[in-house]
Amino acid sequence: MSACCGPSRDAVSVTGPAEPTGEPVPSAGASSPRMIALPGGTFRMGTDDASGFAEDGEGPVREVTIEPFAIDAHCVSNARFAEFIEASGYRTEAEQFGWSYVFGGFLPGSLRKISPRLPEVPWWCGVSGASWRQPEGPGSDLAGRTDHPVVHVTWNDAKAFCRWAGTRLPTEAEWEYAARGGLDQARYPWGDELTPGGEHRCNIWQGRFPTHNTAEDGYRGTAPVDAFPPNGFGLYNVAGNVWEWCADRWSPGSPARAMRGGSYLCHESYCNRYRVAARTHNTPDSSTGNLGFRCAASP
Ligand SMILES: [Cu+2]
């Protein structure tokens, strides 16, 4: 587990409410996702950059060949996920367990006090009743966030959505190929500079983590799925905003699944995992407020 990235379900024990207490999800009308068809090809995957995290297996740089495939221009939004839930009656794993991980800085003091936290990453609270419908637990809702990425979804939830939508999760190689947007070995999806011309290109943490987020990029938590300019292939928010589940295991034999892209909690000073070669992982039944997904499909 990486410091700001997201803890696993089994790290704390939380008693959830018997039934979800959420308000009905506000409807944003039908939203048809836009998929981008990519021709595939050979690209250089990973990085040998010394300022990355070698222990995450970011390197060595290797040539990988990708078959033609399609990938969502942006992450699955709350509106789109609500369509799935309405049509299928599916209950997410956070709703079944009765809790999920929320960044403590988003919680009212009363809730922060009663929610167990992890000693080594105390900004993560296990919040009873937190789920995709109420991302900060009881009392929160999706008002104003229907076009934000769905969060508090596990790998298993993402797979269930894909089954319903007739899609699948991208492999890590597909994800990175698409996220690079045609650039060879650039540090970010748009080039090598984090803020070209002083302009923010992704939703990450500015200020002192974890106490003070200046939100200089415009956002403290999630941003709309199509915020910021897209990369060269037309993909939005592959860096920052929310981590994205991939199909692959973290390593052969590991139960954990790979995640890519970094989130609004990643910070230049110690977790620059919004670099396009960065990766992390979590167990397939874990969910956090900074983790979502986008779909892929084979032609
Ligand atoms: Cu991080």
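Sequence order sets the numbering: in each chain, residues are counted from 1 along the sequence as written. Given that this is a predicted model, residues contribute local features only at a pLDDT of at least 70 and side-chain atom pairs are listed and counted only at 80 or more, while totals for whole chains, interfaces and linings are drawn from all residues. Hydrogens and water are ignored here; the side-chain numbers use all heavy atoms of the structure.

Engineer: Got a minute to help me understand the overall build of the chain in this structure?
Structural biologist: A run of H or I in DSSP becomes a helix once it reaches four residues, and a run of E becomes a strand once it reaches two; helices and strands are each numbered from the N terminus. In terms of helices and strands, the chain carries 5 helices and 13 strands. With the C-alpha coordinates of the chain rotated into their principal frame, the extents come out at 50 × 40 × 40 Å. Among the 299 residues that make up the chain, the fraction classed as buried is 56%. Methods summary: accessible areas were calculated by the Shrake-Rupley approach with a probe of 1.4 Å, and residue burial reflects only the protein chains presented. On the chain, roughly 12000 Å² of surface is accessible, and the fraction owed to carbon and sulfur atoms is 51%. Taken together, the 26 basic and 34 acidic charged side chains of the chain have centroids lying 3 Å from each other. The buried label applies to any residue whose accessible area, calculated with a 1.4 Å probe on protein chains only, is under 20% of its type's maximum; exposed applies above 50%, and partly exposed to all values in between. His is not counted, nor are the chain ends; Lys and Arg add positive charge and Asp and Glu add negative charge. Where a charge lies is defined by one atom per residue type: Lys uses NZ, Arg uses CZ, Asp uses CG and Glu uses CD.

Engineer: I keep staring at the packing of aromatic side chains and nothing clicks. Help me out?
Structural biologist: The description of an aromatic ring pair rests on the distance of the ring centres and on the angle between the ring planes. Here a pair means two rings of Phe, Tyr or Trp (six-membered ring of Trp) with centres within 6.5 Å. Their orientation is stacked below 30 degrees between planes, edge-to-face above 60, and tilted elsewhere. A complete count under the given rule lists 23 aromatic pairs for this structure. Centroid distance Phe106 to Tyr264: 5.8 Å. Interplanar angle 35°. Geometry classified as tilted. With Phe106 in the loop between β5 (99-103) and α3 (109-114) and Tyr264 in the loop between β10 (257-260) and β11 (279-282), this residue pair connects regions lying 158 residues apart in the sequence. On the basis of relative accessibility, which here comes to 27%, the residue Phe106 falls in the partly exposed class. Consider the rings of Trp205 and Phe209, whose centres lie 4.7 Å apart with planes at 75°: the pair is edge-to-face. Look at NZ for Lys and CZ for Arg. If either is within 6 Å of the ring centre and within 35 degrees of the ring normal, a charge sits over the ring. For the cation-ring pair, Arg9 lies above Trp99, with the distance from its terminal atom to the ring centre recorded as 4.8 Å.

Engineer: I keep staring at the sheet that holds strand β12 (residues 291-292) and nothing clicks. Help me out?
Structural biologist: Backbone hydrogen bonds hold the strands of a sheet together, and the pairing may be parallel or antiparallel. Think of it this way: DSSP has to see at least two bridges between two strands before they count as a pair. Pairing is mixed across the open sheet formed by 4 strands, whose spatial order is β11-β10-β9-β12. Edge positions in the sheet fall to β11 and β12, since each of these pairs with one other strand and no more. Relative to β12, strand β9 (residues 243-249) is paired through 2 bridges, and the arrangement is parallel. Across the sheet, Glu244 pairs through a bridge with Gly292, a residue of β12. Residue contacts are counted whenever heavy atoms from the two residues lie within 4.5 Å of one another. Helix axes use the C-alpha atoms of the stretch in contact, all axes being lines fitted to C-alpha atoms, and the angles between their N-to-C directions lie in the range 0 to 180 degrees. Contacts from helix α5 (residues 172-180) reach β9, β10 and β11, with the element oriented near 140° to β9.

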